[in-house]
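What follows is each chain in one-letter form.
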Amino acid sequence: MPTIESRYWPSIIGGKSVEGSGAAVDRLSPAHDQSAARYHTAAESDVDAAVAAARREFDSGAWPRMSGAERAAVLRRVAARIEAERDDLALQETLESGKPISQARDEISSAAGIWFYAATLAQHLYGDAHNGLGTGYLAMVLKEPVGVVGIITPWNFPLLIVSQKLPFALAAGCTAVVKPSDMTPGTTTRLVQFLHEEGLPAGAVNLVHGGGDVGQWLAAHPGTDMTTFTGSTGVGRKVAAAGAAGLKKISLELGGKNPQVIFPDADLDTALEKVVFGAYFNQGECCNAGSRLLVHRDVADEFTARVVERSRDVRVGDPLDPDTKVGALISDHHLGVVTDYVALGRREGAEVLLGGDPISSATGRYYSPTVLGGVPKAARVAREEIFGPVLSIVTFRDLTEAVEITNATGYGLSAGVWSRDIGTAMTYAQATKAGTVWVNCYMDGFPEVCFGGYGASGIGRELGRTACDEYIEHKSIVMRTGAPTPSWVGGIGAE
């Protein structure tokens, strides 16, 4: 059993480390049952103070008034700090979340890359000018930061997901209050400390700890102008409702029930590796998990047998072991959720081809890589997000049915399609309601490519060259420079 250092993580308000006014929390490592993190939750008064600090900085402070180059310099320094501290950050994230440490290291490096990318966008925010409106007019469209942003992030990818939001908000000139998950507070707290150590003005980014009640206070707070949230669809609806009274801007990245679709002409060897990776990556606790496999009937028996055999080789165990591929589930409650879904799958007529049970362990909570075969396409385990290492296999007859099954869940985050025929792949990609479709690959991500979902998978897009636009207001200025066009030509308010 490793010896684990338990760290205390303060709230950060107005550039100062403070102790939250709420209860003391001791977060146990889900793999080792030892204390990995300690903090005090925020009271509503702490959220008020954090929002007030962000508002002061936005209304009269330096950050929104800096040049893009000055903001970019801070973001680049933070990116370098993330990369320099990669091993320590990965260790903390592994201890708090249960994910394999080799995976955590890769995610920390990816987060650093996103901060570097956001820094480039900070120097490329510009509006538009129009001089073709009619004789005597010139128009300008200005880009202005939306204001104070509430950022609420989940436990499954703590540093990576806050890095899909915060650097773009800062690049746009916004200020922020961040609430990380109450189960994984460490790396986000360290990130905010990096920001202040690398020159961010006090109050530009504030951090409070706590659970859903703290998130709701932040989402509903009248002092914020926008909320961005990543998490479950159910909680996303509550976040949206909390901001509705103030008609504040909302960005939501929510759940998914993502298929990988195998056509008969696919490269089955390559597809096999990506199907297994997509199903069990991060213990399946991933909004992008390829948690359902749609296989053409012509190759279903062969490919299913290969998936089962390959899944047997997936190593489950202590996430601190660099050879581990599947670590511990986040909590006892979540282990119960996964267990209940597999039992439901059995009742719905699915056959458990592999796994199907928790793994007994002296410490931690582990679930065996599980394959459910013969799943009816209307079954709940084929349509609902399980968020665990469980793969549901459904067969299809043709491209039309594959699209029908894909779009029948209400989710629309991502999908993968495997075919050597580019016409088949592109027809599927265009017909499916998903924010990202991978063709002959899966879960390959880049800061330059936008990410987000359709339907129950969310509102808005993160990453990509328009990432800062989520945090921007567009203001049109129409100027008369000469003789005006007659008023009856039209425009705003024209009859």
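Residues numbered from 1 in each chain as written. Predicted model: local features only at pLDDT ≥ 70, side-chain atom pairs only at ≥ 80, totals over all residues. Heavy atoms only, no water.

**Student:** Can you help me understand the layout of surface pockets in this one?
**Tutor:** Leftover empty space is mapped by rolling, across the atoms, a probe with the size of a water molecule. What the largest pocket holds in volume is close to 1100 Å³. Every residue lining the largest pocket is counted, 38 residues in all, and those nearest its centre are Phe157, Phe277, Phe281, Met443 and Gly445. Of all the secondary-structure elements, those providing two or more residues to the lining of the largest pocket are α4 (101-122), α5 (158-162), α10 (268-280) and β22 (436-439). Taken together, the residues that form the lining of the largest pocket break down as 20 nonpolar, eight polar and 10 charged. In this model, the second largest pocket occupies a volume close to 820 Å³. If you go around the second largest pocket, you meet 37 residues; those closest to its centre are Trp155, Phe229, Gly231, Ser232 and Val235. The greatest single-element share of the lining of the second largest pocket, amounting to four residues, is contributed by helix α12 (residues 332-347). Its residues assigned to classes, the lining of the second largest pocket comprises 16 nonpolar, 15 polar and six charged. (1 Å grid on protein atoms, 1.4 Å probe; cavity = no way out; pocket = protein on both sides within 12 Å on 5 of 7 lines; lining within 4 Å. Points joined across faces, edges and corners; volume = space filled by probe spheres on them. Helix = DSSP H or I, 4+ residues; strand = E, 2+ residues; numbered from the N terminus. Nonpolar A, V, L, I, M, F, W, Y, C, P; charged D, E, K, R; others polar.)

**Student:** Can you help me understand the pairing of strand β18 (residues 370-373) in this one?
**Tutor:** Of the two faces of β18, the one carrying Thr370 and Leu372 and the one carrying Val371 and Gly373 are both buried. As paired strands, strand β15 (residues 351-354) and β18 are joined by three bridges and run antiparallel to one another. Counted as the bridge partner of Val352 is Leu372 from β18. Alignment of β18 against strand β19 (residues 390-396), held across three bridges, turns out to be parallel. Across the sheet, Val371 pairs through a bridge with Leu391, a residue of β19. (Buried < 20%, exposed > 50% of the residue type's maximum accessible area, 1.4 Å probe, protein only. Pairing = 2+ DSSP bridges.)

**Student:** Would you take a moment to explain the nonpolar core for this structure?
**Tutor:** Generally speaking, a soluble globular protein has its nonpolar side chains buried in company with each other. Grouped together as the largest cluster of nonpolar side chains are 61 residues, with contacts concentrated most on Ile82, Trp115, Leu166, Phe168 and Leu170. Of the residues forming this core, the biggest block, 11 residues, is contributed by α4. Ranked by size, the runner-up nonpolar core spans 28 residues in total, among them Val390, Val394, Phe396 and Val417. (Core = buried A, V, L, I, M, F, W, Y, C linked by side-chain atoms within 4.5 Å.)

**Student:** In this structure, what is going on with the sheet that holds strand β6 (residues 128-130)? I would like to understand it.
**Tutor:** Judged by pairing direction, the sheet is antiparallel, and its three strands sit side by side in the order β6-β7-β25 without closing on themselves. Since the sheet does not close on itself, it has two edges, and those belong to β6 and β25 (472-480), each with one partner. Sheet twist, expressed as the average angle between the axes of neighbouring strands with direction ignored, equals 20 degrees. (Axes fitted to C-alpha atoms, helices over the stretch in contact; angles between N-to-C directions.)

**Student:** Looking at this model, I keep getting lost on the packing of helix α3 (residues 86-97) against helix α7 (residues 186-197). Mind explaining?
**Tutor:** When two helices pack together, their arrangement is given by the angle between their axes and by how far apart the axes lie. Orientation of α3 relative to α7, taken along the N-to-C sense of each, is 150 degrees, at an axis distance of 8 Å. Considering their axes alone, α3 and α7 lie roughly antiparallel with respect to each other. Along its contact with α3, which presents Leu89, Gln92, Glu93 and Glu96, the element α7 presents Gly186, Thr187, Arg190 and Phe194. For the contact of α3 with α7, the class distribution of residues is two nonpolar, three polar and three charged. (Parallel < 35°, antiparallel > 145°, perpendicular 65-115°, else oblique. Contact = heavy atoms within 4.5 Å.)

**Student:** Is there a simple way to explain the pattern of salt bridges in this structure?
**Tutor:** Scanning the entire structure with this criterion turns up 25 salt bridges. One salt bridge in this structure joins Arg55 and Asp225, with 2.6 Å as the shortest N-O distance. Here Asp225 lies in the loop between α8 (212-220) and β11 (226-230) and Arg55 lies in helix α1 (residues 44-60), a separation of 170 residues in the sequence. Across the pair Lys475 and Glu144 runs a salt bridge whose closest N-O atoms are separated by 3.2 Å. (Salt bridge = Lys/Arg side-chain N within 4 Å of Asp/Glu carboxyl O.)

**Student:** When you look at the sheet that holds strand β4 (residues 24-28) in this model, what are you seeing that I'm missing?
**Tutor:** Strand-to-strand pairing in sheets goes through backbone hydrogen bonds, with the strands running parallel or antiparallel. Taken in spatial order, the three strands of this open sheet run β1-β5-β4, and their pairing is mixed. The open sheet has two edge strands with one neighbour each: β1 (7-8) and β4. Bridge count between β1 and strand β5 (residues 35-40): two bridges; the pairing is parallel. By the bridge assignment for β5, Tyr8 is matched with Arg38.

**Student:** Mind showing me how you'd approach unusual backbone geometry here?
**Tutor:** Most of the time, phi is negative for any residue but glycine, and the peptide bond is trans. A positive phi angle, close to 60 degrees, is found at Gln283, a residue other than glycine. Overall, Gln283 belongs to the buried group, its relative accessible area being 1%. Even without glycine at this site, Met443 takes up a positive phi of about 60 degrees. For Met443, the location among the structural elements is in the loop between β22 and β23 (454-455).

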